[in-house]
Amino acid sequence: MNLDSMYQEIILDHYRNPLHRGLRDPFDAEVHHVNPTCGDEVTLRVKVVDGVVEDVSYESEGCSISQASASVMSDLVIGKKVDDALELEREFLALMQSRGTAEGDEERLEDAVAFAGVSKYPARVKCALLSWMAWKDATAKAVDPAAAAASASVSATAPATPAALDVPEQEKP
Amino acid sequence: MTVTEPHPAVLASGYDVEQVRKDFPILSRTVHDNLPLVYLDSAATSQKPLAVLDAERTYYERHNANVHRGIHVLAEEATALYEATRDKIAAFIGATDRREVVFTKNSTEALNLVAYAMSNAETTGVEAARFRVGPGDEIVITEMEHHSNLVPWQMLARRTGATLRWIGLTDDGRLDLADLDSIINDRTKVVSMVHQSNILGTLNPVERIVARAREVGALTVLDGSQSVPHLPVDVTTLGVDFLAFTGHKMCAPTGVGVLWGRLELLEVMPPFLGGGEMIEVVTMEGSTYAPPPHRFEAGTPMISQVVGLGAAVDYLSALGMPAVAAHEHAITAYALDALASVPGLRIIGPPTAEARGGAISFVLTDDTGRNIHPHDVGQLLDERGIAVRVGHHCARPVCLRYGIPATTRASFHLYSTTAEVDALVEGLHGVRRFFSK
Ligand SMILES: Cc1ncc(COP(=O)(O)O)c(C=O)c1O
């Protein structure tokens, strides 16, 4: 195994200088997704105008892969039609599930093809997908708040984003 | 009871870790491109010596049958092997009666067994009064519990309307006992705590807390998942009512754990799972339950794993738990010193080896002071063949308490060496170089 295939320079660049980071107004939907096994978290906002992804903003905590992926994802989908962006999400998901066998279409996925190497590391695929899943969830809520509410329980149990363990506050003596 | 011969590694002079390592075939394998494996993840699960592998294999090759219910040779042999482990465990933890040893699938099940028994107490007679909990009663745990000793008590509190309370932590990873007398009070029904923390490494002052619990008549449960495999543990000295531990962390196979409980308590404790083996008389209208331990061992148990656990106990006894503890203490002290030399590294937990075990959690920053996420640390160490664990280690409240998303944890066992610690430290320097470039 060659680690450089995971920690591509592009990934390290996005990690060091993330794009679109910070939570911004206005937004239509905000979601919080966590990766309970490693503690990666992202809070992400989406603004959709006339079927176009107007803005994606986020605050995230996590490893270099998850941080870089949030940066790459937001840069890729901002300005795209929602349907086109969802198509990119499916392509990225397929790339991440390829176990190192796919390269990804650079014309379409741009910097996101740098994550191809991550797909060889099953434990890290979730990291690369975290912000994409959060974006997809937030976009569904932004586009159709009623339908999103109805399917909320489903998205909360999706493998990439299981619900956080809820830990109560200490009861004061 | 079998008397085990001392292991050759402890016969000659002190503790010969290289000799011990020869018993663990996996430790001599290589990973990636021919790198020696540096296994520093024993707090998650220990490796298994040949004697344990052989015991399971021999069991299946020669003695396999269901236990307790046959009158043929194999059934008797299988039962004898299964029950022999009960004796070995009793001796290993200083229990006075073999009936106090209940086999479960792991610590998690052992802890759930007690928590569920407590909410089943309404369904049995007055003799189970000590196990009853309801609104107004309090359940006490600590902030450093593994989720396996946290969630079952949250669930018990929700089922019964009791209140969950906990003992907090000091900045250096110890229990904050300042308010002990108000946290454990007349309303407390049960106190459940970890003996040695899997994330902080802290060895807790059990006697002190048990003394307070006794004053108020509360039951005490000890999670020995990280102590029984590493130190001499004696239930009589500790004075607890229940002790849970898990085989796979003490050189035994996965799939077997133990709940030890005081006989007088087990005799009145309501069962958790119903089924075959745990009954006395069954009619369509109702059933009476078998005495302990069988009352708590419903269904066909994990027979080969129990046999493997017996072999693991023999193995540990031959080395001698005081020798194991001394070896691990030395490695821990060495590691704490060595890790202190890594710039940007902060230990989460007690900084010295005093009252502390060999699970060492830390966070790391690069040259600019930026955090290097544990996931990245673990990945780069793996590239060197070094296995550590990253994440919240099933103790997320501890990470919340110290304001960190996760830690990297190196953990040791009876086969760990100072050379492995050196490899870790060198690896960590490498991680910092990679992210500082
Ligand atoms: C302190 C502690 N308690 C409980 C457990 C749970 O053990 P098991 O998963 O074998 O039930 C573990 C192991 O992960 C542990 O370290």
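My aim in this report is to walk through the structure given alongside it, one point at a time. The written sequence of each chain sets the order in which its residues are numbered from 1. Lettering of chains starts at A and numbering of ligands starts at 1, both following the order in which they are written. In view of the model being predicted, local features appear only for residues whose pLDDT reaches at least 70, and side-chain atom pairs are presented and counted only at 80 or more, with totals across whole chains, interfaces and linings using the full set of residues. Hydrogens and waters are ignored; side-chain quantities use all the structure's heavy atoms.

Concerning the overall build of chain A
For the record, the criterion: Under the DSSP-based scheme used, a helix requires at least four consecutive residues in state H or I and a strand at least two consecutive residues in state E, with every element numbered from the N terminus. Here's how the labels work: a residue is buried when its accessible area is under 20% of the maximum for its type, exposed when over 50%, partly exposed in between, all with a 1.4 Å probe on protein chains only. We call two residues in contact whenever any of their non-hydrogen atoms come within 4.5 Å of each other. Here the open area of atoms and residues is found with the Shrake-Rupley method and a 1.4 Å probe, where only the protein chains shown may cover a residue.
Regarding its fold elements, chain A presents seven helices and three strands. Ordered by position in the sequence, the α and β elements of chain A form the string α-β-β-β-α-α-α-α-α-α. Burial statistics for chain A: of 173 residues in total, 47% are counted as buried. Within chain A, contacts between residues separated by at least 24 positions form 60% of all contacts whose residues are at least 6 apart in sequence. For chain A, the accessible surface area stands at approximately 8000 Å², while carbon and sulfur atoms represent 52% of it.

Remarks on helix α1 (residues 9-16) of chain A
Selection criterion: To be clear, the arc concerns the directions from the helix axis to the C-beta atoms.
Along α1(A), the residues classified as buried are A:I11, A:L12, A:H14 and A:Y15. Looking down the long axis of α1(A), one finds its buried residues gathered within 160° of arc, a one-sided arrangement. The elements touched by buried residues of α1(A) are α2 (64-77) of chain A together with β15 (371-372) and α15 (418-436) of chain B.

Digging into the site of the ligand
Residue and element names in this part refer to chain B. Put simply, the rule is: When at least one non-hydrogen atom of a residue lies within 4 Å of a molecule or strand, that residue is treated as near it. Within 3.5 Å is the distance limit for a polar contact, defined as a pair of N or O atoms, with the added protein rule that one can donate a hydrogen and the other accept it, and that residues adjacent in sequence qualify only through two side-chain atoms.
Near the ligand you find 13 residues, and of these T108, D223, Q226, T246 and K249 are the closest. Within the side chain of T246, a nitrogen or oxygen atom sits 2.7 Å from an oxygen atom of the ligand. Here an oxygen atom of the ligand sits 2.7 Å away from a polar atom, N or O, in the side chain of H248. Against a free-state accessible area of 400 Å², the protein chains account for coverage of 88% of the ligand.

Some remarks on empty space enclosed by the protein
All names here are of chain B. Just so we agree on the cut-off: Cavity and pocket criteria rest on a 1 Å grid covering protein atoms alone: a 1.4 Å probe that fits but cannot get out defines a cavity, protein on both sides within 12 Å along at least 5 of 7 lines defines an open pocket, and an atom within 4 Å of a point defines a lining residue. Grid points are joined across faces, edges and corners, and a volume is the space filled by probe spheres set on the points. Charged means Asp, Glu, Lys or Arg here, nonpolar means Ala, Val, Leu, Ile, Met, Phe, Trp, Tyr, Cys or Pro, and polar covers whatever is left, Gly included.
Following the criterion strictly, the structure yields three cavities of 30 Å³ or more and no others. Lining the largest cavity are A43, Q196, S197, N198, Q226, H230, E328, G357, G358, A359, S411 and F412. Residue composition of the lining of the largest cavity, by class: three nonpolar, eight polar and one charged.

Topic: the packing of helix α4 (residues 73-92) of chain B against helix α11 (residues 303-319) of chain B
All names here are of chain B. Short version of the rule: An axis is simply a line fitted to the C-alpha atoms; with a helix, the fit covers only the stretch in contact. Between two such axes, the angle follows the N-to-C directions and lies from 0 to 180 degrees. Rotating anticlockwise by less than a right angle from the far helix to the near helix defines a left-handed crossing, while the corresponding clockwise rotation defines a right-handed one.
One can describe the packing of α4 onto α11 by two numbers: an axis separation of 8 Å at closest approach and a directional angle of 40°. For the pair α4 and α11, the crossing hand works out as left-handed. Residues L81, Y82, T85, K88, I89 and F92 of α4 touch α11, and the partners they reach there are I303, V306, V307, L309, G310, V313, D314, L316 and S317. Here the residues of the contact of α4 with α11 are counted per class, giving 10 nonpolar, three polar and two charged.

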